[in-house]
Amino acid sequence: MALLNILHYPDKRLHKVAKPVAEVDNRIRKLVADMAETMYKAPGVGLAATQVDVHERVIVIDVSETHDQLLTFINPEIVWSSNEKKLSEEGCLSVPGIYDNVERADKVRVRALNEKGEPFELDCEGLLAVCIQHEMDHLMGRVFVEYLSSLKQTRIKSKMKKLERAM
């Protein structure tokens, strides 16, 4: 396993739309393992392949307190979402140190493949539902700060550019 480099907003590569995974093979399983290691080390609760400059539809998530319940979503799609919306504070490994409220569906059902290539569906609510929607946005080339006002986006871009120069 290897730690991967996480892209930081406003890197243009974060806006690439991920392509479907053609085959769940050893390369994809290695990507999943590397992404999980990177997410845990960061530390975070979710990571999309787009964030590590791999533009394929792969997500890893672990919202457990014990960080031992890794979920892998390959070619995920939301097949149902509740009409009820919920405002939740979000952060992102690609936008370190920035947190703000985003409104998302309270509950979702996601269909995907696991790391063995087997299809599954999962009903999600709470933090898991927020994470699924947040990470799927990454696969579509969207970062959570884009839900915020133009003024907030401009301030965040400035802050991130300063942070990048300081590194």
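Just so it is clear, the structure is predicted and the values come from calculations on it, not from any experiment.

Regarding the layout of surface pockets
Phase 1 of the analysis: In this structure, the largest pocket occupies an estimated 340 Å³ of space.
Phase 2 of the analysis: If you go around the largest pocket, you meet 20 residues; those closest to its centre are Val45, Glu90, Gly91, Cys92 and Tyr99.
Phase 3 of the analysis: Elements with a minimum of two residues in the lining of the largest pocket: strand S4 (85–92), strand S5 (95–105) and helix H2 (126–139).
Phase 4 of the analysis: Considered class by class, the residues forming the lining of the largest pocket number 11 nonpolar, six polar and three charged.

Some words on the sheet that holds strand S2 (residues 58–61)
Phase 1 of the analysis: Spatially, five strands are ordered S1-S2-S3-S6-S7 in an open sheet, and the strand pairing comes out antiparallel. Two strands lie at the open edges of the sheet, namely strand S1 (46–48) and strand S7 (119–125), each paired on one side alone. Across this sheet, the average inter-strand angle for adjacent strands is 40 degrees, counted without regard to direction.
Phase 2 of the analysis: Set on the sheet, helix H1 (residues 26–41) makes contact with S1, S2 and strand S3 (71–81); between it and S2 the angle comes to about 40 degrees.

Scoring rules and cut-offs
Residues numbered from 1 in each chain as written. Predicted model: local features only at pLDDT ≥ 70, side-chain atom pairs only at ≥ 80, totals over all residues. Heavy atoms only, no water. 1 Å grid on protein atoms, 1.4 Å probe; cavity = no way out; pocket = protein on both sides within 12 Å on 5 of 7 lines; lining within 4 Å. Points joined across faces, edges and corners; volume = space filled by probe spheres on them. Helix = DSSP H or I, 4+ residues; strand = E, 2+ residues; numbered from the N terminus. Nonpolar A, V, L, I, M, F, W, Y, C, P; charged D, E, K, R; others polar. Pairing = 2+ DSSP bridges. Axes fitted to C-alpha atoms, helices over the stretch in contact; angles between N-to-C directions. Contact = heavy atoms within 4.5 Å.

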